[in-house]
Every structure is written in structure tokens, then in C-alpha cells.
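What follows is each chain in one-letter form.
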Amino acid sequence: MDKDNMSLETLVVHGAQKPDPTTGAISTPIYQTSTFVFKDPDHGARLFRGEEEGYIYTRVGNPTIEILERKLALLESAEAGVAFASGMAAIFNTIISIASAGDHIIVDDTVYGGTYALMTKIIPRLGIEVSIVNCADEKEIESKIKGNTRLIFFETPSNPTLKVIDIGQISRLGHDHKLVVVVDNTFATPILQRPIEHGADIVVHSMTKYLSGHGDTIGGIVVGRREYIERLREETAIDVGSCISPFNAWLILRGIKTLYLRMIRHSENAYKVARFLKDHPKVERVMYPGLEDDPGHKIARKQMLLFGGMVSFEIAGGREAGKRLLSNLNLCTLAVSLGDTDTLIEHPASMTHSTYSDEECLKFGITPGLIRISVGIENGTEICEDLARGLEGV
Ligand code: PLP
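Residues numbered from 1 in each chain as written. Predicted model: local features only at pLDDT ≥ 70, side-chain atom pairs only at ≥ 80, totals over all residues. Heavy atoms only, no water.

For the chain, the name recorded in an unreviewed UniProt entry is Methionine gamma-lyase, with candidate division WOR-3 bacterium as its organism. Recorded in UniProt under Cofactor (unreviewed entry), the annotation for the chain is "pyridoxal 5'-phosphate". In UniProt, the chain has this text filed under Sequence similarities (unreviewed entry): "Belongs to the trans-sulfuration enzymes family." (UniProt positions renumbered as here; feature names shortened; annotations may be inferred.)

This is the structure in C-alpha cells:
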């Protein structure tokens, strides 16, 4: 069965995976090996020269990892993919495969705190100039584009303010200026949004999150056109050496089997939580693109199937009120990360986004009273009841 015959529900289960032809094992085998035997010295030399297909060494290629890469490419409507040890490794390798010293890149102002640190501290040390801009504003992007600009990078919905960026609009702008458009699709997953279908060139993910889904592993992926992905693998990924382990790849393959079901449930529960918070007197503002009056709702409707499981809100009373709420919860777990079956709640300004200075936090809307919830797949009413109890004590 190829992709053309499969719905997304079927693709998450069967895409790129079939029973092992040798043993009949239905679960994809974990090829937990670092190296692979050569038939003879000439065979080894042919593999190294690329004259024959086969496996050499797991940093260069591994059957379990390859299946995960093919699966993500299918789900994202991409031609190919390359997996990494983490989302951060995927993002770093993507940037350095496109931009070199003397180049310039454009990055949205609201991204995961680790990405912000990478873009503002490490990438500039390599001689690559970075402009931090609001990528929801086409004119602001355009004003920053120069002759040496190579790429635009953004998340949508963004972490932690759930800002929505029009992928089609920004891709058209980028392509008019011959720029590569890179979208971090971690929050939406390919179930809810496929940026390449809207014109983006490259999609990156922290597979640690919804793709794995169970909070038990770390991984990243980059998907795009075959020619680019093979260049990324050959010229960057293999020698930088940030490859994923076969076992972690297998855990993520297992997680993806239920991705469709989970994303529907996460979205239903998040909508319930967003509505509950919106009506609560101790909540000043709710950020969720599924709410009809959210500034990103119209664009989100255009490019997303549903609105995902992430909700942020501003609590009345700021930082101190937030701390009290986070100490008062039973079902919602105080932890960073997201996309797990369990509901996780955190305070971005002091945790995931502590890489932003206080001034930068305020400038980009990561206020002291902002709380981020990764709404899990538990009973939605019980999640709201826990939040209600917690807010009562504030
Ligand atoms: N992208 C987004 C949107 C994230 O939220 C994160 C982590 O929270 C990352 C990338 C980094 O992923 P990882 O933790 O797998 O390196």
C-alpha cells in the first residue's frame, strides 16, 4: 500500500512498516547494533564509495531508524527525512546545513527557549547573523531580508504563546526572495498540520513530544525534498554525529501508531480546558487558537485540522499567583516537556523560556503570569476540576 491509498489514520499504523520479511515479526525489529558485517573487503569499500546499498555503521544508517525516517516523510508529505538524537539536534543541523559564516537568517521571536538560546548565542558564534522578528508580520520579515539572507525559521502554533503564523503567506514571501522556509511543527504534528502542503520547504520536529507521546524518549527529525535531506545527511548529520539510537527510534515508531487518536483527544480536551479557563474570574487571558476570538483562529482554521493540545493563560496576580496554582494541583503534573498522555503544567518565564531575559520575555508576551498547559488525554472534565480546585486556592 502506498501513501496515495492511505488515510492518515491508516498511515500512522501502516505507513513505511510491514511485517519483517525474514521472521514475520509484526512489530518493527530494533536493530540494536553499532556496526554491520561486510561480506569481504571489496564489499566494505563499495558501501563506503556509495556504489552499493547496505548498512555500514548506525551513525551512517540503521534499518529501524530508516523506517522512522520514511514514516515521518510520508506523514508530512515530504520526500525524505533524517532523524536526530533530539529536536535541538535536528534544528541545529538544519541551520548549519543551509547557512554558513557570512550568511543571515530570520527567526521568529516566540520559539522554544532552547531554540532561542541556540539562535541568539550559538549560531551567531559561527558567524551567522540572526534577526529575531515577529514572523506573523509579513512586512517586518520583508524589512529584514538582505542579499545574504538564507532562511526563515518559525513554529506555528508557537511555544509558549500559541501565536499562529500563516505558513502559505510566509512561504510565498520566502520563495520570492529565494529563501528556505523551515517550520517547527512540534505543537501541531502532521495529523493537524502539514506545512509542506502549504508551501514550506523543510519541517522539523521534537519527536520527544506528541510523536513519541508517552514521555519516555528524546528524538528529532527533519523532513523535506530528497535532494536536500540526502545532502543534510551526507554533509552534516553523519559527521556532526547527533544520530538517534535504534531503541529510541523504535519507541517513537510505537508512539506514532496511536498519534491520530491521541491528537483528536488532546484537541478535544484542550478546547474544554481553554473554555473553562476563559470563563474563570482569576484568569485574565487564554491563548488557544481553537477559541473563536483568538487572534490566530482564522489562520489556524485555514491550515490546521484541529487546534492541538497546548493551552496558555495569564493568571490574575502574576508570578506569585501562578506559583500558588502550580503548587495546588493533583492531576496536572508540574513538569516541562509536552505532548505526553499526562497533563503537564509549567511556568515558561522561569522554566522553558528562562533563556529569554526578563525584558525579552515581556517584549514577546511571555509574561510573569503566563502558565502553559500540555493538556493530556485523561478525562477532560477531571482536568478542569483539578484546575478549578487549584485556582480556588489562589
Ligand atoms: N521545538 C519545540 C517547539 C519544543 O517545544 C522543543 C522542546 O521543548 C524543541 C523543539 C526541542 O526538542 P528536544 O527537547 O527534543 O531537543
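Participant: Just give me the short version of the site of the ligand, but keep the residues and values in it.
Facilitator: Lining the immediate surroundings of the ligand are 14 residues, of which G87, D184, S206, T208 and K209 lie closest. A distance of 2.9 Å separates an oxygen atom of the ligand from a polar backbone atom of G87. Contacts to the ligand include S206, whose side-chain N or O atom sits 2.8 Å from an oxygen atom. In the complex, 91% of the free accessible area of the ligand, which totals 390 Å², lies under the protein chains. Among the elements that line the shell around the ligand, the one with the most residues is helix α4 (residues 87–98), at 3 residues. For the shell around the ligand, the residue count by class is 4 nonpolar, 7 polar and 3 charged. (Near = heavy atom within 4 Å. Polar contact = N/O pair within 3.5 Å; in protein donor to acceptor, adjacent residues only side chain to side chain. Areas by Shrake-Rupley, 256 points an atom, 1.4 Å probe, with all protein chains shown as cover. Helix = DSSP H or I, 4+ residues; strand = E, 2+ residues; numbered from the N terminus. Nonpolar A, V, L, I, M, F, W, Y, C, P; charged D, E, K, R; others polar.)

Participant: Let's hear about the UniProt feature "modified residue: N6-(pyridoxal phosphate)lysine" (unreviewed entry) in the chain: which residues, and what values?
Facilitator: The positions that UniProt labels "modified residue: N6-(pyridoxal phosphate)lysine" (unreviewed entry) are, in the present scheme, K209. Inspection of the secondary structure assignment puts K209 in the loop between β6 (202–206) and β7 (220–224). Not counting residues within four places of it along the chain, the set of residues in contact with K209 comprises T186, S337, L338 and G339. (Contact = heavy atoms within 4.5 Å.)

Participant: For unusual backbone geometry, give the residues involved together with the corresponding values.
Facilitator: Residue T156 is joined to P157 through a cis peptide bond whose omega torsion reads -10°. Along the chain, P157 falls in the loop between β4 (149–155) and α7 (167–176). Here N159 and P160 are connected by a cis peptide whose omega angle stands at 10°. You can see P160 is positioned in the loop between β4 and α7. Unlike most non-glycine residues, A16 shows phi in positive territory, near 65°. As for its position among the elements, A16 is in the loop between α1 (8–14) and α2 (41–49). Among the residues examined, A16 registers a relative accessible area of 22% and is labelled partly exposed. In the Ramachandran plot, S337 falls in the positive-phi region, its phi being about 75° despite a non-glycine side chain. Looking at the element boundaries, S337 is found in the loop between β10 (333–334) and β11 (344–346). (Buried < 20%, exposed > 50% of the residue type's maximum accessible area, 1.4 Å probe, protein only.)

Participant: Quick rundown of empty space enclosed by the protein? Include the residues and the values.
Facilitator: Across all of its chains, the model carries 1 cavity of 30 Å³ or more by this definition. What the largest cavity holds in volume is close to 30 Å³. In this structure, the largest cavity is lined by P157, L162, F187, A188, M304, F307, G308, G309 and M310. There are two domains that each give the lining of the largest cavity at least three residues, and those are domain 1 (3–30 + 61–256) and domain 2 (260–392). (1 Å grid on protein atoms, 1.4 Å probe; cavity = no way out; pocket = protein on both sides within 12 Å on 5 of 7 lines; lining within 4 Å. Points joined across faces, edges and corners; volume = space filled by probe spheres on them. Domains from an automatic or database assignment.)

Participant: Before we move on, can you summarise the sheet that holds strand β12 (residues 370–374) with the specific residues and values?
Facilitator: Taken in spatial order, the 5 strands line up as β8-β9-β12-β11-β10 in an open sheet, and their pairing is mixed. Each of the sheet's edge strands pairs with one partner strand only, and the pair in question is β8 (283–287) and β10. Judged from the 2 bridges that link them, β10 and β11 form a sheet pairing that is parallel. The partner of L334 across the bridge, within β11, is I345. (Pairing = 2+ DSSP bridges.)

Participant: So what's going on with the packing of α4 against helix α5 (residues 113–125)? Which residues, and what values?
Facilitator: For the pair α4 and α5, interaxial distance at closest approach is 10 Å and the crossing angle is 40°. Where α4 crosses over α5, the handedness of that crossing is right-handed. In this structure, α4 uses M88, I91, F92, I95 and I96 to contact α5, whose residues at the interface are G114, T115, L118, M119, I122 and I123. Considered class by class, the residues forming the contact of α4 with α5 number 9 nonpolar, 2 polar and no charged. (Axes fitted to C-alpha atoms, helices over the stretch in contact; angles between N-to-C directions. Left-handed = near helix turned anticlockwise from the far one by under 90°.)

Participant: Describe the pattern of salt bridges, naming the residues involved and giving the relevant values.
Facilitator: In this structure the tally under the stated criterion is 19 salt bridges. The partner of E52 in a salt bridge is R46, with the nearest N and O atoms 2.7 Å apart. A single salt-bridge network, built from bridges that share partners, covers E69, E230 and R233. (Salt bridge = Lys/Arg side-chain N within 4 Å of Asp/Glu carboxyl O.)

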